[in-house]
Amino acid sequence: MRDLTLHIEGMSCGHCLNAVRRALESVAGVELGTIQIGRAQVRYDAAKVTPGQLESAVAAAGYKATAA
């Protein structure tokens, strides 16, 4: 498992947090850590998912994520 921080643009409320949480939880091989406005901490299985796939999952929810 690897740790990753995603910087997320466009989040401003509890609804945003829930949307990002659901998007990341839907990806196989991801364990959520802390999610705050503008940032999400995740652990992921590199054999199952890439940081780019996590960014895409967040984008599908309507936000822009950048892996740090």
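Before going into details, it helps to say that this report is about the structure given with it. (Residues numbered from 1 in each chain as written. Predicted model: local features only at pLDDT ≥ 70, side-chain atom pairs only at ≥ 80, totals over all residues. Heavy atoms only, no water.)

## Focus: the sheet that holds strand S3 (residues 39-44)
Part 1 of the reasoning: In space, the four strands of this open sheet follow the order S2-S3-S1-S4, with antiparallel pairing throughout. Edge strands, defined here as strands with exactly one partner in the open sheet, are strand S2 (30-36) and strand S4 (64-67). Neighbour-to-neighbour, the strand axes of this sheet turn through a mean angle of 25 degrees, independent of strand direction.
Part 2 of the reasoning: With four bridges connecting them, strand S1 (residues 2-9) and S4 associate as antiparallel partners. Pairing of Leu-6 across the sheet is with Ala-67, part of S4.
Part 3 of the reasoning: Here helix H1 (residues 14-25) sits on the sheet in contact with S1, S2 and S3, set at roughly 165 degrees to S2.
Part 4 of the reasoning: In this fold helix H2 (residues 51-60) packs onto S1, S2, S3 and S4, with an angle of close to 35 degrees to the strand it touches most, S1. (Pairing = 2+ DSSP bridges. Helix = DSSP H or I, 4+ residues; strand = E, 2+ residues; numbered from the N terminus. Axes fitted to C-alpha atoms, helices over the stretch in contact; angles between N-to-C directions. Contact = heavy atoms within 4.5 Å.)

## A closer look at the packing of H1 against H2
Part 1 of the reasoning: Running from N to C, H1 and H2 point in directions that differ by 135 degrees, and their axes come no closer than 8 Å. In terms of their interaxial angle, H1 and H2 are classed as oblique. The way H1 lies across H2 gives a crossing that is right-handed. Two secondary-structure elements touch here, H1 through Val-20, Ala-23 and Leu-24 and H2 through Leu-54, Ala-57 and Val-58.
Part 2 of the reasoning: Of the residues assigned to the contact of H1 with H2, the class counts are six nonpolar, no polar and no charged. (Parallel < 35°, antiparallel > 145°, perpendicular 65-115°, else oblique. Left-handed = near helix turned anticlockwise from the far one by under 90°. Nonpolar A, V, L, I, M, F, W, Y, C, P; charged D, E, K, R; others polar.)

## Remarks on the pairing of S1
Part 1 of the reasoning: Pairing of S1 with S3 involves six bridges; the strand directions are antiparallel. Each residue of the ladder has a partner; that of Arg-2, found in S3, is Tyr-44.

## Side note on the environment of Thr-66
Part 1 of the reasoning: Note on placement: Thr-66 falls in strand S4.
Part 2 of the reasoning: Given the relative accessible area of 37%, Thr-66 is considered partly exposed.
Part 3 of the reasoning: As a C-alpha pair, Thr-66 and Ala-47 span 19 residues in sequence and 20 Å in three-dimensional space.
Part 4 of the reasoning: Residues within four places of Thr-66 in sequence aside, it is in contact with Thr-5, Leu-6, His-7 and Glu-55. (Buried < 20%, exposed > 50% of the residue type's maximum accessible area, 1.4 Å probe, protein only.)

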